[in-house]
Amino acid sequence: MLCVLQDNMTLFLFLMKTISERIKVANSSLSTYAVPHAGNLGREYKEAEDDTRFQFQRDRDRIIHTQAFRRLKGKTQVFVAGCGDHFRTRLTHTMEVAQISRDMARTLGLNEDLAECIALAHDLGHTPFGHAGENAMREEMKRSNETFEHNLQSLRVVTLLEEHKKKYPGLNLNREVLEGLMKHRTSFDEEHGQDLPRNPSLEAQVVNLADEIAYTAHDTDDGLRSEILHFTDFADSSLFQEAALISEKNGTEVRGSIIHLLVIDAYHDTELRLRANSINSLNDVYESEVPLCAFSYEMTKRLSDLRGILEEKFYASADVLKHSNKGRQIIHELFRSYEENPPEKVRELKGRTKSSLSEAIKDYIAGMTDQYALLRFEELPPRADRDPAIATSTGGK
Ligand code: MG
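## Re the packing of helix H6 (residues 112–121) against helix H11 (residues 202–225)
And step 1. At a closest axis distance of 9 Å, the pairing of H6 and H11 adopts a crossing angle of 45 degrees. In this view, H6 runs oblique relative to H11, as classed from their interaxial angle. For the crossing formed where H6 meets H11, the hand is right-handed. Where H6 approaches H11, its residues Leu114, Ala115, Ile118 and Ala119 are matched on the opposing element by Glu203, Ala204 and Val207.
And step 2. Across the contact of H6 with H11, the residue classes tally to six nonpolar, no polar and one charged.

## Some points on the pattern of salt bridges
And step 1. Taken as a whole, this structure holds 34 salt bridges when the rule is applied.
And step 2. Between arginine 88 and aspartate 222 there is a salt bridge, and its shortest N-O distance comes to 3.0 Å. Taken together, the residues span a long stretch of sequence, with arginine 88 in the loop between helix H4 (67–71) and helix H5 (90–107) and aspartate 222 in helix H11 at a distance of 134 residues.
And step 3. Taking the relative accessible area as the measure of exposure, arginine 88 reaches 10% and is therefore buried.
And step 4. Taken together, the shared-partner salt bridges in this structure form one network comprising Glu47, Asp50, Arg53, Arg58, Arg60, Asp61, Arg62, Arg102, Arg106, Glu112, Asp113 and Glu116.

## Overview of the packing of aromatic side chains
And step 1. For the coordinates displayed, the defined rule picks out six aromatic pairs.
And step 2. Each ring, one from phenylalanine 231 and one from phenylalanine 240, has its centre 5.2 Å from the other, and the planes form 80 degrees; the classification is edge-to-face.
And step 3. Residue classification places phenylalanine 240 among the buried positions, given a relative accessible area of 1%.
And step 4. Ring centres of phenylalanine 234 and phenylalanine 240 lie 4.0 Å apart, and the angle between their planes is 10 degrees; on these two criteria the pair is classed as stacked.
And step 5. Grouped by ring-pair contacts, the aromatic residues Phe231, Phe234 and Phe240 constitute a single cluster.
And step 6. The positively charged end of arginine 376 is found above the aromatic ring belonging to tyrosine 372, 4.7 Å away from the centroid.

Cut-offs used in this document
Residues numbered from 1 in each chain as written. Predicted model: local features only at pLDDT ≥ 70, side-chain atom pairs only at ≥ 80, totals over all residues. Heavy atoms only, no water. Axes fitted to C-alpha atoms, helices over the stretch in contact; angles between N-to-C directions. Helix = DSSP H or I, 4+ residues; strand = E, 2+ residues; numbered from the N terminus. Parallel < 35°, antiparallel > 145°, perpendicular 65-115°, else oblique. Left-handed = near helix turned anticlockwise from the far one by under 90°. Contact = heavy atoms within 4.5 Å. Nonpolar A, V, L, I, M, F, W, Y, C, P; charged D, E, K, R; others polar. Salt bridge = Lys/Arg side-chain N within 4 Å of Asp/Glu carboxyl O. Buried < 20%, exposed > 50% of the residue type's maximum accessible area, 1.4 Å probe, protein only. Phe/Tyr/Trp six-rings, centres within 6.5 Å; stacked < 30°, edge-to-face > 60°. Lys NZ or Arg CZ within 6 Å of the ring centre and 35° of its normal.

Given below as structure tokens:
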């Protein structure tokens, strides 16, 4: 009884705390190098503080309630979405990244809410048809000396294309979330080099790793589930072999063991890097010239070996390529057709966002689900040089 009374009293006192007091308590459990719960950089348009939610909780809610977030369920991860109920879509991938990001942030004493925001928004700008769609979009944009990169498109979605209030474009998220999206760079960025004004927050770095952990583990799982891959294909992957041994011993799936091995390695190496670089404050993180959240050298090599197998035997398999090529062709044809004859939606986007025609076409097509892109493609006037197989199916194994 005393215990119940005490619990009720604790709850009562908790409810009595102001948001500033609650933020103070929450900040006291963060590492000194984490982004604090009230944020430091603010929003572009000033807003009154929420009565109950912290800054990044509000941002998370705005991201989840966008149309772009809901459309992630119809976008391909590796397979064409809809061809099998158990394969990952961009939505389930995003949820897995958010889950791993939160776990890692909590263990490292970082801001879980911020990491979750960055994870939930990181693929909002992805095209339909996975990386094949992204490559086709990049080729189309290149014709007008522009480019396409899904992370920057995610930033465009939350700062311009989506709407939270009539008063301003975009969601008016905290700048830490926007920076996290900008700094969530792929090898494409590294190859082409872009100015990095400062090192990303550790929360953003965690999401980068969580993304790689999630897609490596779930693509391995999807590859096996589809029977395109078999255990014997992974004979040369020490990471897979170790994960398989653990999962056999525990009676669990290999996917979970791959995640476990990668996450544990990242914790160890990150702690070592934080100590070796004398990181004690958020400013130290920003000023650091080296990544602080990373896998060990040995694990990077093992991960690369596993990814090499996925590249060669899964992504480049005839079954997957068949869909990818269809997706690529659909993006090319939609883009060319809209250039010749812009539909109402493209004209509206062009006017509202004060963009070039190619940008508006890119925004429209990048936002489509696989199925919607196929429907729009089927409406296009027939072309003599079209591959008849393209329009007939989104189905797969
Ligand atoms: Mg991703």
